[in-house]
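# A structural walkthrough
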Amino acid sequence: MDTRPYMQDRAAEEFFSRLERGSFQTTRCLACGETHYPPRIVCPACLGEDMEWVDLPREGTLVAFTQQSDAIRCRRPDVLGLVELEGIGNVITRIDAPFEELRIGIQVAFATWTSPDGVALHQFRPLE
Ligand SMILES: [Zn+2]
């Protein structure tokens, strides 16, 4: 059974496939050079369809976080955050740390995580 997240398009499918191999990447338009997150099959800036895959920053800044008591895929309670990646913008992601230990503005680093139902996802955890 395919337990991966619902695939919006082939760019999303490729994103999760790369994530399973430990790559954290997104698309960049070969025509205008714009980098997108989430990855796109069509460039929102110039409508170009030729893309290359480029590495996303593996460190960022925690700009918001919350704790949900009722998690869909994750253990309960689960911490979610908004991580600012330089040159990309904000990424919604799982945060691998207790809610009480987090502070706005701390630096966090990328890691992969496999949910209890076998889905490879991204998460960030505070840098020491
Ligand atoms: Zn473009």
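The preceding data block contains the structure.
### A short note on helix 1 (residues 10–20)
For an α-helix the count is 3.6 residues per turn, leaving residues at separations of three or four pointing the same way. Taken together, the buried positions of helix 1 are Ala11, Ala12, Phe15, Phe16, Ser17, Arg18 and Leu19. Contact partners of the buried residues in helix 1: strand 1 (25–29), strand 3 (51–55), strand 7 (107–114) and strand 8 (120–126). The backbone nitrogen of Ala11 lies 2.9 Å from a side-chain oxygen of the residue at the head of helix 1, namely Asp9. Immediately downstream of helix 1, the backbone of Gly22 shows phi near 90°, a positive value.

### Section: the pairing of strand 4 (residues 59–68)
Alignment of strand 4 against strand 7, held across 3 bridges, turns out to be antiparallel. Bridge pairing in strand 7 places Glu59 opposite Ala109. Pairing geometry for strand 4 and strand 5 (residues 78–85), over 7 bridges, is antiparallel. By the bridge assignment for strand 5, Gln67 is matched with Val79.

### Quick look at the packing of aromatic side chains
Counted by the stated rule, this structure contains 7 aromatic pairs. Centre to centre, the rings of Phe24 and Phe124 are 5.9 Å apart; their planes meet at 70°, and the pair counts as edge-to-face. Here Phe24, found in the loop between helix 1 and strand 1, pairs with Phe124, found in strand 8; they are 100 residues apart in sequence, far enough to count as distant. The same class applies to Phe24 and to Phe124, which are both buried. Grouped by ring-pair contacts, the aromatic residues Phe15, Phe16, Phe24, Tyr37, Phe110 and Phe124 constitute a single cluster. It is Arg94 that lies over the ring of Trp113; its NZ or CZ is 3.8 Å from the centre.

### Here we look at unusual backbone geometry
With an omega of 0°, the peptide bond running from Tyr37 to Pro38 counts as cis. Tracing the backbone shows Pro38 in the loop between strand 2 (35–36) and strand 3. For Leu47, which is not glycine, the phi torsion reads 70° and is therefore positive. Mapped onto the fold, Leu47 is located in the loop between strand 2 and strand 3. Using a relative accessible area of 61% as the deciding quantity, one classes Leu47 as exposed.

### Regarding the coordination of the zinc ion
Tetrahedral coordination by four donors sets the ideal angle at the metal to 109.5 degrees; octahedral coordination by six donors sets it to 90 or 180 degrees. Only Cys29 (SG), Cys32 (SG), Cys43 (SG) and Cys46 (SG) from the protein coordinate the zinc ion, and they sit 2.3 to 2.4 Å from it. Considering all 4 donor atoms around the zinc ion, angles at the metal cover 101 to 116° and the coordination shape is tetrahedral. We note that the donor set of the zinc ion lies within a single chain, spaced as C-x2-C-x10-C-x2-C. Placement of the pair is Cys29 in strand 1 and Cys43 in the loop between strand 2 and strand 3, with a sequence separation of 14 residues. This pair shows no difference in class: Cys29 is buried, exactly as Cys43 is.

Rules of the game
- Residues numbered from 1 in each chain as written.
- Predicted model: local features only at pLDDT ≥ 70, side-chain atom pairs only at ≥ 80, totals over all residues.
- Heavy atoms only, no water.
- Buried < 20%, exposed > 50% of the residue type's maximum accessible area, 1.4 Å probe, protein only.
- Helix = DSSP H or I, 4+ residues; strand = E, 2+ residues; numbered from the N terminus.
- Contact = heavy atoms within 4.5 Å.
- Polar contact = N/O pair within 3.5 Å; in protein donor to acceptor, adjacent residues only side chain to side chain.
- Pairing = 2+ DSSP bridges.
- Phe/Tyr/Trp six-rings, centres within 6.5 Å; stacked < 30°, edge-to-face > 60°.
- Lys NZ or Arg CZ within 6 Å of the ring centre and 35° of its normal.
- Donors = N, O, S within 2.8 Å, 3.2 Å for Na, K, Ca; no water.
- Tetrahedral: all angles 85-135°; square planar, octahedral: opposite > 155°, others 65-115°.

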